[in-house]
Amino acid sequence: MTDRTGRPGFHPFTRGGTGSARSLWLAGGALALCGLAVCGCGPAGAAGPASASRSPSRAATRPAASPPSAAPSASPSPSPAALPLAGKIVGIDPGHNGGNFNAASTIGQEIWNGTGWETCDTSGTTTESGYTEAQFNFNVALDLRADLRRDGARVVMTRTSNDGVGPCVNTRSQIINNSRANVAVDIHADGGPVSGRGFTVLEPVADGPNDHVIAASEQFGADVRQAMLAGTSMPESDYIGTDGILPRDDLAGLNLTTVPKVLIECGNMRNATDAQMLVTARFQARVARALTAAIVRFLGGQG
Ligand SMILES: [Zn+2]
C-alpha cells in the first residue's frame, strides 16, 4: 500500500512534535515495549489482520542445510569453532508486530530517527486477502534465526513474538546496537503499487551515528541482493530503487545503526504475483536461506 507521502515504500515523518516524543520516552518501561515501525511498507488501513498461522517448528521440516558427509558415520560432528558463523553475533529486526493493528495511539507517537521525526511504528501492510506483513516478517525471522544458529551464530531479535506491540523503531536500533552485532538485517515486505513487483534492499546514508558502517552496509547490501537473486525467484523491484538497491535517509533502523545493516523489502504484498509467493512457508524459508548465505559471505569477507 502506498503510504501518506504517495511514494510507495516510503515512511513519512513529521517535523516538530518534540513534546510528544518526550512524553513517549517518559512513559517509561511500558513504552519500551511499544513499537515503532521502521520501513516503508505503508499502513494496512482500517482492516485488521487476517488470521495467519504457522507451524510451531518450521525449522524442523526443512532439509538439512549441509550435504551428506562422505566421512564415516562414526566421525565426530564438527566442533562449534568450525561452523561458518562461530563467534559471530547477528541482529534480526522483524518489522512491525501483530498487535500494532490495535494500538494506533501507541505506535503513532513520534520518535526522532536521527534526521527527522517518524512514528514509533506502523501496522505494516497486508496482502489483498489480509495476510499481514508482520506475520511474514516474523516467519522469515524465525527461519533465519534457526539457520544462523545452525551455522554457529548468536542471534539477537528485536521481538520474539507476533502478538505484541512494537517496540518503537529507534528502540529496535538500540537493541541491535547494544548487542554489538557483527551485522544486522531488518525484514519487511512492501506495500507498493499493485502493478509493481520485486524486492528492494534499503541501505543507510551517512548521518553521523552510522558514518562508520556505511561502506560495510553497502557491501552487505550487495551480498543480500546477490543472494536473493540466486536463492529465490523474486526479481529485483521494477518500481523503486535501482537494480534492487535504494539508499534511505529517513528511517530510524538505518539512521541510528552503529552496526552494518540493511533493510530488505522482500517483495510487494500488494502485487498479486508477489503476494502468492510471500505467503508461503517455502518462499519464506528461501528468503531466510538467502539472507543466511549473504551473512556468511559478508562476515567471511570481514575476517
Ligand atoms: Zn514494513
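Above: the structure in question.
Because the structure is predicted, anything quoted here is derived from the model rather than measured. (Residues numbered from 1 in each chain as written. Predicted model: local features only at pLDDT ≥ 70, side-chain atom pairs only at ≥ 80, totals over all residues. Heavy atoms only, no water.)

Trainee: Outline the packing of aromatic side chains, listing residues and values.
Mentor: This structure, assessed with the given rule, holds two aromatic pairs. Between tryptophan 112 and tryptophan 117 the ring centres are 5.3 Å apart and the planes differ by 70 degrees, which places this aromatic pair in the edge-to-face class. Exposure remark for tryptophan 112: the relative accessible area of 41% places this residue in the partly exposed category. For tryptophan 117, a relative accessible area of 9% translates into the label buried. Relative to phenylalanine 298, the ring of phenylalanine 220 has its centre 5.3 Å away and its plane inclined at 50 degrees; by these criteria the two rings are tilted. Here phenylalanine 298 lies in helix H9 (residues 281-301) and phenylalanine 220 lies in helix H6 (residues 214-231), a separation of 78 residues in the sequence. Accessibility expressed as a relative area gives 1% for phenylalanine 220, which makes it buried. (Phe/Tyr/Trp six-rings, centres within 6.5 Å; stacked < 30°, edge-to-face > 60°. Buried < 20%, exposed > 50% of the residue type's maximum accessible area, 1.4 Å probe, protein only. Helix = DSSP H or I, 4+ residues; strand = E, 2+ residues; numbered from the N terminus.)

Trainee: Could you give an account of the sheet that holds strand S5 (residues 183-190), naming the residues involved and the relevant values?
Mentor: The strand order across the open sheet built from six strands is S4-S1-S5-S8-S6-S7, with neighbouring strands paired in mixed fashion. The two strands at the open ends of the sheet, each matched to only one other strand, are strand S4 (154-157) and strand S7 (245-248). The mean inter-strand angle of the sheet, taken between neighbouring strand axes irrespective of direction, is 25 degrees. Contacting strand S1 (89-94), S4, S5 and strand S8 (261-268), helix H4 (residues 133-150) crosses the sheet at an angle of about 150 degrees to S5. Along the sheet face, H9 touches S1, S5 and S8 and points at about 150 degrees away from the line of S5. (Pairing = 2+ DSSP bridges. Axes fitted to C-alpha atoms, helices over the stretch in contact; angles between N-to-C directions. Contact = heavy atoms within 4.5 Å.)

Trainee: Describe the state of the cysteines, listing the residues and the values that go with them.
Mentor: For the structure on display, the rule yields one disulfide. Here cysteine 120 engages in a disulfide with cysteine 168; their sulfurs sit 2.0 Å apart. In this structure, the disulfide formed by cysteine 120 and cysteine 168 twists by about -95 degrees around the S-S bond and is classed as left-handed. Of this pair, cysteine 120 sits in the loop between strand S3 (117-119) and H4 while cysteine 168 sits in the loop between S4 and helix H5 (169-178), and the two are 48 residues apart along the sequence. According to the relative accessible area criterion, cysteine 120 is buried, its value standing at 0%. A relative accessible area of 1% means that cysteine 168 is categorised as buried. (Disulfide = S-S within 2.5 Å.)

Trainee: Explain the environment of tryptophan 112 to me, and be specific about the residues and the numbers.
Mentor: Among the secondary structure elements, tryptophan 112 is positioned in strand S2 (residues 110-112). Along the chain, tryptophan 112 and leucine 256 lie 144 residues apart, while their C-alpha atoms are 9.7 Å from each other. Non-local contacts of tryptophan 112, meaning those with residues more than four positions away in its chain, are made with Trp117, Asn170 and Leu256.

Trainee: Go over H6, please, and point to the residues and values.
Mentor: For an α-helix, 3.6 residues make a turn, and residues three or four places apart therefore share a direction. For H6, spanning 18 residues, the distance from its first C-alpha to its last is 25 Å, which sits close to the expected 26 Å at 1.5 Å a residue. Restricting attention to buried positions, one finds in H6 the residues Ile214, Ala216, Ser217, Phe220, Gly221, Asp223, Val224, Ala227 and Met228. For H6, the secondary structure elements touched by its buried residues are S5, strand S6 (200-204), S7, S8 and H9. (Expected span 1.5 Å × (residues − 1).)

Trainee: If you had to explain the pairing of S7 to someone new, which residues and values would you point to?
Mentor: Note: S6 against S7, four bridges, orientation parallel. Each residue of the ladder has a partner; that of valine 201, found in S7, is isoleucine 245.

Trainee: So what's going on with the packing of H4 against H9? Which residues, and what values?
Mentor: One can describe the packing of H4 onto H9 by two numbers: an axis separation of 8 Å at closest approach and a directional angle of 50 degrees. As the angle between them shows, H4 and H9 are arranged oblique. Considering only the axes of H4 and H9, their crossing is right-handed. Of the residues in H9, those touching H4 at Phe136, Asn139, Val140, Asp143, Leu144, Asp147 and Leu148 are Phe283, Gln284, Ala285, Val287, Ala288, Arg289, Leu291, Thr292 and Ile295. Residues belonging to the contact of H4 with H9 are distributed by class as follows: 10 nonpolar, three polar and three charged. (Parallel < 35°, antiparallel > 145°, perpendicular 65-115°, else oblique. Left-handed = near helix turned anticlockwise from the far one by under 90°. Nonpolar A, V, L, I, M, F, W, Y, C, P; charged D, E, K, R; others polar.)

Trainee: I'd like a rundown of the pattern of salt bridges, residues and numbers included.
Mentor: Evaluation of the coordinates by the stated rule reveals nine salt bridges. Arginine 172 is paired through a salt bridge with aspartate 121; the nearest N and O atoms lie 2.9 Å apart. Of this pair, arginine 172 sits in helix H5 while aspartate 121 sits in the loop between S3 and H4; the two residues are 51 residues apart in sequence, bridging distant segments of the chain. Note on arginine 172: relative accessible area 1%, which makes it buried. Between aspartate 274 and arginine 197 there is a salt bridge whose closest N-O contact spans 2.6 Å. Within this pair, whereas aspartate 274 is found in helix H8 (residues 272-278), its partner arginine 197 is found in the loop between S5 and S6, the two being separated by 77 residues in sequence. If you follow the salt bridges from partner to partner, you end up with Asp93, Asp121 and Arg172 in one network. (Salt bridge = Lys/Arg side-chain N within 4 Å of Asp/Glu carboxyl O.)

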